Amino acid sequence: MSGSAIGTDSPAAAAAGAETAAATPTVTQKDQWMVESQVFHTYQHYSSLPIKAQSVLLELQRDKHIEFLTKGLRQLGPSFSVLDANRPWLCYWIIHSIALLGDSVDDKLEESAIDFLNRCQDPEGGYGGGPGQASCFAILNVFYRVDVCFLVLRCHNLPHLATTYAAVNTLMTLGGYRSLSSVNRWSVFMTLKQFIVFSDKIYSFLLQMKHSSGGFRFDIFLLLIARHIFNNDLLCILLLLSLASSVCSLMIQLFPFRMHHGGEIDVRACYTAISPLKAAASALHSLILSLLFFLLNAKFAEELLHLLNFVDNFCSSAPVHRRVLMQVASVLILRMMLSMNDAFSYFKWYLESFISMQVASALNILDDELVQNVGNYILSCQTYEGGIAGEPGSEAHGGYTFCGFATMLLINEANRLDLARLIDWVVFRQGVEGGFQGRTNKLVDGCYSFWQVVFVSVRARVSVIVRIQH
Amino acid sequence: MNSNSDHKMPLSQRPEWSDVTPVPQDDGPNPVVPISYTDDFRETMDYFRAVYLADERSPRALHLTAEAIALNAANYTVWQFRRLILESLEADLHEELNFVDLVASSNSKNYQIWHHRRWAAEKLGAEATSRELEFTKKVFSADAKHYHAWSHRQWVLQALGGWEDELAYCQQLLEEDIFNNSAWNQRYFVITRSPLLGGLETMRDSEVSYTAEAIISKPENESPWRYLRGLFKNDMQSLVNDPQVLSLCLTVLKAENVSYVFALSMLLDLLCHGLQPSEELKNAAHALTSEAGPPGSDLARTVCSVLERVDPMRINYWKWRKSTLPAQVV
């Protein structure tokens with residue numbers, strides 16, 4: 001390009017330059033004008049309507065959406081074959097949407113969804129895109145329902161982080177309808193007889209996944225699934241629940257993730273991995289809570305003390321486990337004391353929040369250089385524009401910005417990002433149409449109203465961090 | 001590979017598959033989101049499950065994965081198994097890239113395809129370089145902002161090389177469409193990472209000139225403004241002191257019938273990082289306000305106020321900027 005000295009450029013020349021260039025619009029300009037005119041046409045039509053018609057136009061067709069979604073949950077047409085490896089996603093989109101619309105699925109459909117997702121599970125952990133064949137393992141999927149026993153099925157589909165995320169979120173959504181503490185106690189007890197736990201073998205396998213390049217290659221994604229059948233030994237069952245919880249916490253440490261065995265590494269992987277882990281860990285602790293209610297009310301105090309000793313001995317060879325389990329144990333003791341007081345129900349909410357704090361700190365105690373690796377990776381994906389890309393060097397993009405930022409929030413490292421630049425980039429993604437674009441100079445799209453707007457919901461927190469950064 | 005003609009004959013009727021028992025999908029008694037598969041789809045996947053479970057890494061299994069991919073190119077399990085077969089058979093990966101070309105022609109926005117390409121190219125090494133660079137160029141001729149293709153191209157450059165013509169290619173794309181943010185991003189990538197260039201600081205002056213020209217021709221184009229900031233990413237003091245940058249802002253602010261938003265935003269950033277504005281700059285900014293009389297002393301606040309007016313979509317953002325101005329700003 002020929003260079004003209006900037007200082008001698010007159011405003012007239014600049015304007016003239018603009019006029020000449022406008023005569024041959026670029027692809028970007030043409031695409032943009034097309035969308036602008038379509039959108040404005042819609043706005044014009046809207047504004048020409050009487051008020052009543054306007055409000056009808058803006059009304060969310062809740063019942064129709066729910067009907068559409070429920071139908072989809074029951075059956076999808078052949079054109080969905082291209083999503084055959086993404087069926088947990090379909091579950092998640094549908095069930096989550098129904099929940100957002102303030103409705104719920106009926107019991108039978110809910111059970112079917114849970115059963116289906118279980119069939120998508122890989123015995124090594126994680127959920128694949130679809131179900132496989134039956135195998136001999138029995139499994140209790142502890143964090144959503146405790147009164148049903150399921151079969152772990154040998155999965156024909158490799159576990160994949162995206163579908164695991166989808167599956168977990170679906171189950172969490174369903175779990176929300178049935179408060180864990182209202183679960184029928186006897187069925188809890190009965191089901192626990194077939195509880196399956198993590199083995200040390202899996203734990204050491206996870207540790208083997210360390211990648212030499214500095215990241216972790218985490219192929220197998222474990223979600224609180226225990227594998228070993230126990231016989232009527234309640235204490236062991238509880239112990240194993242705790243172990244499951246601690247391993248779950250540890251798994252948060254392994255980053256950056258590949259999407260699946262031999263699959264691509266990118267920012268999506270970090271988010272899809274961490275999010276369900278944290279959710280599941282919290283849910284698991286809620287379940288432990290419920291079990292404790294049961295135990296304490298059934299006056300298994302002595303057994304509990306045995307359990308604490310057992311836990312302590314077990315952890316002697318694995319110090320990392322110990323801290324988490326000791327926190328859980330201290331909670332158990334507190335519970336026990338309060339239950340003896342028989343003022344249990346009054347302190348219930350207090351205990352809930354105390355235990356949540358314990359959970360949070362339990363997850364954070366493992367916050368060392370392993371977690372830093374995730375933060376480092378996402379940091380390296382923040383571009384010169386301010387947004388976050390899928391891989392270091394790629395273009396800042398709304399979807400990856402959501403994944404990256406959400407992950408950083410979950411691991412409490414959001415302050416490491418250049419938030420001022422990030423915010424500046426995001427706010428400029430809103431176009432004249434009102435909607436958001438995914439990248440600079442690209443078209444607005446409805447989906448980015450979600451991806452880009454996450455900042456709105458965490459605005460207060462973000463602005464505090466920004467102030468501290470300056 | 002005649003996947004089309006083979007689809008006409010069901011697998012159950014093909015003699016070469018007679019020894020295999022297809023494995024049906026176990027959706028359970030009451031599946032959710034069940035898909036009404038076509039018979040062809042169902043049968044192909046039943047046979048795939050059979051070879052997958054048996055871990056059969058044979059030529060016929062390879063062929064079957066191609067058929068499965070044709071039915072659903074997003075089935076990552078099939079792709080992964082295909083990779084295992086290719087490795088076991090020590091297949092010609094150039095041929096494999098031909099296969100991916102074919103699948104990509106109807107499925108370009110599919111993660112699995114791009115990952116598979118990367119895997120094959122990595123195994124081929126330097127031999128694949130020019131082919132992969134050409135392939136991505138072809139994609140850009142249809143869609144100059146294709147995200148996967150850009151990521152792939154960046155990976156090729158870093159893993160296999162081929163940097164020689166990259167800056168020129170960016171230039172060409174920008175001449176075709178100065179608004180192409182992907183091309184600006186690539187330019188930044190080349191400037192900062194090319195082993196053939198001197199690195200960001202060496203290139204900075206010439207890049208500032210290049211960017212300034214782009215801005216002058218289209219001040220409403222966000223891409224070069226962000227690029228300009230990026231050139232001074234970790235060195236805000238140099239940005240504040242760069243005469244080209246100041247002159248650029250001034251030029252845009254004094255022009256008529258142009259968008260001032262980015263120039264004002266840049267000026268705000270400069271002020272926040274300690275810029276002592278000239279009288280000319282103060283006057284130019286003040287001229288954009290609706291206030292009469294001489295410019296007040298608080299230029300940054302003035303700039304925020306102007307932005308609230310000329311960029312109403314982001315009025316709350318500019319209000320927030322105003323409220324978080326550093327104390328010592330003019």
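The residue numbering used here restarts from 1 in each chain and proceeds along that chain's sequence as written. To label them, take the chains in the order written and letter them from A, then take the ligands in the order written and number them from 1. In keeping with the predicted nature of the model, local features appear solely for residues at pLDDT of at least 70, side-chain atom pairs appear and are counted solely at 80 or more, and the whole-chain, interface and lining totals rest on all residues. The basis for the side-chain values is all heavy atoms of the structure; hydrogens and waters are excluded.

Peer 1: Is there a simple way to explain the overall build of chain A in this structure?
Peer 2: Helix and strand counts for chain A stand at 20 helices and two strands. Only protein chains enter the accessibility calculation, which uses a 1.4 Å probe. A residue is then buried if its area is under 20% of the maximum for its type, exposed if over 50%, and partly exposed in between. Within chain A, the proportion of its 470 residues that are buried is 55%. What sets the accessible areas is the Shrake-Rupley method with a 1.4 Å probe; for residues, cover comes only from the shown protein chains. Surface exposure of chain A reaches about 20300 Å², of which carbon and sulfur atoms provide 60%. Here a helix means four or more residues in a row that DSSP labels H or I, a strand means two or more in a row labelled E, and each is numbered from the N terminus.

Peer 1: It is not clear to me how the packing of helix α14 (residues 243-254) of chain B against helix α15 (residues 261-272) of chain B should be interpreted in this structure. Could you clarify?
Peer 2: Packed helices, taken two at a time, are described by the angle their axes make and the gap between the axes. Residue and element names in this part refer to chain B. Lines fitted to C-alpha atoms define the axes here, with helix axes fitted over just the stretch in contact, and angles between the N-to-C directions of these axes take values from 0 to 180 degrees. The contact between α14 and α15 brings their axes to 9 Å, and the two run at 140°. Here α14 is positioned oblique relative to α15, judged by the angle of their axes. For α14 against α15, the interelement crossing comes out left-handed. From α14, Val245, Leu246, Cys249, Val252 and Leu253 reach across to α15, where they touch Ala263, Leu264, Met266, Leu267 and Leu270. Of the residues in the contact of α14 with α15, the class split is 10 nonpolar, no polar and no charged. Convention used here: angles under 35 degrees read as roughly parallel, angles over 145 as roughly antiparallel, angles from 65 to 115 as roughly perpendicular, and any remaining angle as oblique. By definition, any crossing whose near helix is turned counterclockwise from its far helix by less than a right angle is left-handed, and any crossing with a clockwise turn is right-handed. In this analysis, two residues are considered to be in contact whenever any of their non-hydrogen atoms come within 4.5 Å of each other. Residues are sorted three ways: Asp, Glu, Lys and Arg are charged, Ala, Val, Leu, Ile, Met, Phe, Trp, Tyr, Cys and Pro are nonpolar, and all the rest, Gly among them, are polar.

Peer 1: For this particular structure, what's the right way to read the packing of helix α9 (residues 166-176) of chain B against helix α10 (residues 181-193) of chain B?
Peer 2: All names here are of chain B. Two elements in contact, α9 and α10, have axes separated by 9 Å at closest approach and are oriented at 160°. By the criterion of interaxial angle, the relationship of α9 to α10 is roughly antiparallel. Between α9 and α10 lies a crossing whose hand is left-handed. For the pair α9 and α10, the contacting residues are Glu166, Leu167, Cys170, Gln171, Leu173 and Leu174 in the first and Ala183, Trp184, Gln186, Arg187, Val190 and Ile191 in the second.

Peer 1: Just checking my understanding: could you explain a nonpolar patch on the surface for this structure?
Peer 2: Residue and element names in this part refer to chain A. A grouping of Phe40, Tyr43 and Val432 is seen on the molecular surface, where their side chains present a nonpolar patch of about 290 Å² in accessible area. Its place among the elements puts Phe40 in helix α2 (residues 27-48). For Phe40, a relative accessible area of 35% puts it in the partly exposed group. Nonpolar side chains (Val, Leu, Ile, Met, Phe, Trp, Tyr) are joined into patches within 5 Å and like charges within 9 Å, using only residues with over 30% relative accessible area and no salt bridge. Between Lys or Arg on one side and Asp or Glu on the other, a salt bridge is scored when a side-chain nitrogen of the former is within 4 Å of a carboxyl oxygen of the latter.

Peer 1: Where do I start with the state of the cysteines in this structure?
Peer 2: Disulfides are covalent bonds that link the sulfur atoms of two cysteine residues. What counts as a disulfide here is a pair of cysteine sulfur atoms lying within 2.5 Å. For the coordinates displayed, the defined rule picks out zero disulfides over all chains. Here Cys447 of chain A stays free of any disulfide, with the sulfur of Cys403 of chain A as its closest cysteine sulfur at 12 Å. Judged by relative accessible area, which is 33%, Cys447 of chain A ranks as partly exposed. With no disulfide of its own, Cys249 of chain B lies 13 Å from the sulfur of Cys272 of chain B, the closest cysteine sulfur.

Peer 1: Please explain the nonpolar core as it appears in this structure.
Peer 2: Across soluble globular proteins, nonpolar side chains show a tendency to be buried alongside one another. One finds Val33, Trp225, Leu228, Leu253, Leu268 and Val303 of chain B to be the most contacted residues of the largest nonpolar core, which totals 134 residues. Of the residues forming this core, the biggest block, 10 residues, is contributed by α15 of chain B. Apart from residues no more than four positions distant in its own chain, Leu268 of chain B is found in contact with Ala300, Val303, Cys304, Leu307, Trp318, Arg321 and Leu325 of chain B. Take the buried residues of types Ala, Val, Leu, Ile, Met, Phe, Trp, Tyr and Cys, join any two whose side-chain atoms come within 4.5 Å, and each joined set is a nonpolar core. Cys381, Met408, Leu417 and Trp425 of chain A belong to the second-largest nonpolar core, a separate cluster that totals 20 residues.

Peer 1: Looking at this model, I keep getting lost on the confidence of the model for chain A. Mind explaining?
Peer 2: Segments scoring low in pLDDT should not have their predicted coordinates read at a detailed level. Residues and elements named next belong to chain A. Residue-level confidence of the predictor is what pLDDT reports, using numbers from 0 through 100. Confidence in the prediction for chain A averages 60 pLDDT; 38% of positions are at 70 or higher. Per-residue pLDDT stays below 50 along residues 176-262; that stretch engages in 240 contacts with residues further than four places along the chain or on separate chains. Predicted confidence is poor over residues 276-290, with pLDDT under 50, and the contacts of this stretch with residues over four places away or in other chains come to 43 contacts.

Peer 1: Explain helix α7 (residues 129-142) of chain B here, please?
Peer 2: At 3.6 residues per turn, the α-helix brings residues three or four places apart onto the same side. All names here are of chain B. Take the number of residues in a helix, subtract one, and multiply by 1.5 Å to get its expected span. For α7, which comprises 14 residues, the first-to-last C-alpha distance of 21 Å matches the rise-based estimate of 20 Å (1.5 Å per residue) to within 8%. Turning to α7, its buried residues number three or more, namely Thr129, Glu132, Leu133, Phe135, Thr136, Val139 and Phe140. When α7 is viewed along its axis, its buried side chains cluster within an angular range of 160° and face the same direction. Exposed residues lying more than 90 degrees from the buried face of α7 are Ser130, Lys138, Ser141 and Ala142. Elements in contact with the buried residues of α7: α5 (93-104), α6 (111-124), α8 (147-160) and α9. To be clear, the arc concerns the directions from the helix axis to the C-beta atoms.

Peer 1: Please explain the side chain of Glu222 of chain B as it appears in this structure.
Peer 2: When you line up the elements, Glu222 of chain B lands in helix α12 (residues 222-231). We call two N or O atoms a polar contact when they sit within 3.5 Å, provided that within protein one can donate a hydrogen and the other can accept it, with sequence-adjacent residues counted only if both atoms are side-chain atoms. Here the side chain of Glu222 of chain B touches Arg226 of chain B through a polar contact of 2.6 Å, side chain to side chain. Ignoring sequence-local partners within four residues, the contact set of Glu222 of chain B consists of Phe428, Arg429, Thr440 and Asn441 of chain A together with Phe262 of chain B.

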